[in-house]
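Structural overview
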Amino acid sequence: MSKMKSVKFEHERLSREESVIRGKSFYELMKRRRSIRHFSPEKFDRSLLELAVRTAGTAPSGANKQPWKFIIVESPELKKEIRIAAEKEEKESYEQRMPQSWLDDLAPLGTDWHKEFLEIAPYLIVVFKIDYLKTDSEIKKHYYVNESVGLASGLLLASLQNMGLVTLTHTPSPMNFLRKILNRPANEKPFLLIPVGFPAENTEVPDIKKKEFNEICEII
Ligand SMILES: Cc1cc2nc3c(=O)[nH]c(=O)nc-3n(C[C@H](O)[C@H](O)[C@H](O)COP(=O)(O)O)c2cc1C
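Quick look at the structure, then. Numbering of residues starts from 1 in every chain and runs along the sequence as written. Only residues with pLDDT of 70 or above have their local features reported here, since the model is predicted, and side-chain atom pairs are shown and tallied only from 80 upward, although totals for entire chains, interfaces and linings are computed over all residues. With hydrogens and water excluded, all non-hydrogen atoms of the structure serve as input to the side-chain values.

Quick look at the overall build of the chain
As a reminder of what qualifies: Put simply, DSSP H or I for four residues or longer makes a helix, DSSP E for two residues or longer makes a strand, and each gets a number counted from the N terminus. The buried label goes to any residue with under 20% of its type's maximum accessible area, the exposed label to any with over 50%, and the partly exposed label to all in between, with areas taken from a 1.4 Å probe on protein chains only. Residue contacts are counted whenever heavy atoms from the two residues lie within 4.5 Å of one another. Areas reported here follow the Shrake-Rupley algorithm with a probe of radius 1.4 Å; residue values treat only the protein chains shown as occluding. Charge convention: Lys and Arg are scored as positive, Asp and Glu as negative, and His as well as the terminal groups of each chain are ignored. Here the site of a charge means NZ on Lys, CZ on Arg, CG on Asp, or CD on Glu.
Check the secondary structure of the chain and you find eight helices and seven strands. Dimensions of the chain, computed from C-alpha atoms along their principal axes, come out at roughly 55 × 55 × 40 Å. Burial statistics for the chain: of 220 residues in total, 35% are counted as buried. Sequence separation of 24 or more characterises 80% of the internal contacts of the chain that already satisfy a separation of 6 or more. When the accessible area of the chain is evaluated, it comes to approximately 14,900 Å², of which 53% is carbon and sulfur surface. Charge centroids of the chain, computed over 35 positive and 32 negative side chains, lie 6 Å from each other.

Shown next, in the form of structure tokens:
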């Protein structure tokens, strides 16, 4: 017998016009999101980050395990430590580990191993994925962890964009140094490192294009 306890689902039915207005306005908002690699040091109200994390926490997840943790880093000392460790890994990656094909794909983005933004951005959000929970007697595995944490991270980015903040989705590779610096338990694995703030003045972004609708969707 099912043990599910249920509650009434409150659904707000919109008119078609309202749906179109909302859909277009959200698309226009999200179209303006770009990965920003030059940040202003300007601070902002930290409660905005709390709202973004609360939004991320509403994401669906495999068996509702919510296998994520969001660490907000504000401390200049920790940000500096993270920058130094990230640059060490990234220097090695750019100079020795990445195959030429990867370097060629990154060339149009103009990225290199320098990561000043990790110290300059007022906050870093480090997203951890939790593959399992360990109790005294057993290890409980989580399901679809990458999919779940990816969805939550998408909501996080959308929420920050909606509040007028800019972000970079960063993955210094390998990222295990984040677990050590932030003193996280063994079952938490770094997933994304996201600087958040405002863009530096006159920031430019790579002139890249998104695929057309017909390239990413087929209606059958
Ligand atoms: C999983 C993932 C990892 C990424 N890692 C990096 C990174 O380590 N450094 C970086 O500068 N950009 C990184 N990016 C940003 C991408 O380069 C960027 O999203 C892409 O070029 C499209 O640009 P846009 O975000 O401005 O639309 C990453 C993006 C994703 C989704």
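That was the structure; now back to the text.
Here we look at the site of the ligand
Applied cut-off: One heavy atom within 4 Å of a molecule or strand makes the whole residue count as near it. Any pair of N or O atoms that falls within 3.5 Å is considered a polar contact. Within protein, one atom must be able to donate a hydrogen and the other to accept it, and sequence-neighbouring residues count only if both atoms are side-chain atoms. Nonpolar residues are Ala, Val, Leu, Ile, Met, Phe, Trp, Tyr, Cys and Pro. Charged residues are Asp, Glu, Lys and Arg, and all others, Gly as well, are polar.
Looking at the ligand, the residues that line it are Arg 33, Arg 34, Ser 35, Arg 37, Leu 109, Thr 111, Leu 168, Thr 169, His 170, Thr 171, Ile 208 and Lys 210. Ser 35 places a polar side-chain atom, nitrogen or oxygen, 2.6 Å from an oxygen atom of the ligand. A total of 620 Å² of accessible area belongs to the ligand in isolation, and the protein chains cover 67% of it. Of the residues contributing to the shell around the ligand, the split by class is three nonpolar, five polar and four charged.

A closer look at the pattern of salt bridges
Under the convention used in this document: Salt-bridge detection follows one rule: a side-chain nitrogen of Lys or Arg within 4 Å of a carboxyl oxygen of Asp or Glu.
Considering all chains together, one arrives at 15 salt bridges under this definition. Ionic pairing is found between Glu 74 and Lys 43, a salt bridge with its closest N-O pair at 3.5 Å. Residue Glu 74 is located in the loop between strand E2 (68–73) and helix H3 (76–97), and its partner Lys 43 is located in the loop between strand E1 (39–40) and helix H2 (47–56); the two are separated by 31 residues in the primary sequence. Between Glu 50 and Arg 54 there is a salt bridge, with its nearest N and O atoms 2.9 Å apart. Of this pair, Glu 50 and Arg 54 both sit in helix H2, four residues apart, which is roughly one turn of that helix. Accessibility expressed as a relative area gives 41% for Glu 50, which makes it partly exposed. Looking at Arg 54, the relative accessible area reads 57%, which means it is exposed. Here the salt bridges do not stand alone but share partners, grouping Glu 12, Glu 18 and Arg 22 into one network.

Structural notes on the side chain of Ser 159
By the secondary structure assignment, Ser 159 is in helix H6 (residues 145–162). The contact partners of Ser 159, leaving out residues within four places of it in the chain, are Leu 51, Ala 52 and Thr 55.

Some thoughts on the packing of aromatic side chains
Let me state the cut-off plainly: Pairs were defined over the aromatic rings of Phe, Tyr and Trp, the Trp ring being its six-membered one, requiring ring centres within 6.5 Å. Orientation was assigned from the angle between planes: stacked under 30 degrees, edge-to-face over 60, tilted for the rest. Note on geometry: a ring has a charge over it if NZ (lysine) or CZ (arginine) is within 6 Å of the ring centre and within 35 degrees of the ring normal.
Evaluation of the coordinates by the stated rule reveals two aromatic pairs. On the basis of an interplanar angle of 70 degrees and a centroid distance of 4.9 Å, the ring pair of Phe 44 and Tyr 123 is categorised as edge-to-face. On the criterion of sequence distance, the pair formed by Phe 44 in the loop between E1 and H2 and Tyr 123 in strand E3 (residues 123–130) is long-range, its members being 79 residues apart. Tyr 123 matches Phe 44 in its accessibility class, with the two residues each being buried. Note on Phe 44 and Phe 198: the rings are 5.8 Å apart at their centroids and 80 degrees apart in plane angle, and the pair reads as edge-to-face. Note that Phe 44 is positioned in the loop between E1 and H2 and Phe 198 in strand E7 (residues 188–199), a separation of 154 residues in sequence. We classify Phe 44 as buried; its relative accessible area is 10%. Exposure remark for Phe 198: the relative accessible area of 24% places this residue in the partly exposed category. The structure contains a cluster of three or more aromatic residues connected by ring pairs, namely Phe 44, Tyr 123 and Phe 198. The cationic tip of Lys 43 hangs over the ring face of Tyr 123; the distance from NZ or CZ to the ring centre is 5.5 Å.

Some thoughts on the environment of Ala 121
One can find Ala 121 in the loop between helix H5 (117–120) and E3. Ala 121 sits 77 residues away from Phe 198 along the chain, and the two C-alpha atoms are 7.8 Å apart. Setting aside anything within four residues of it in sequence, one finds Ala 121 in contact with Phe 39, Ser 40, Lys 79, Pro 195 and Val 196.

Topic: H3
Spelled out, the test is: Expected helix span is computed as 1.5 Å times (number of residues minus one).
In this model, H3 (22 residues) spans 29 Å end to end at C-alpha, consistent with the 32 Å of a helix rising 1.5 Å per residue. Burial in H3 covers these residues: Lys 79, Ile 82, Arg 83, Ala 85, Ala 86, Glu 87, Glu 89, Glu 90, Ser 93 and Tyr 94. Close packing links the buried residues of H3 with E2, helix H4 (100–106), H5, E3, helix H7 (177–181) and E7.

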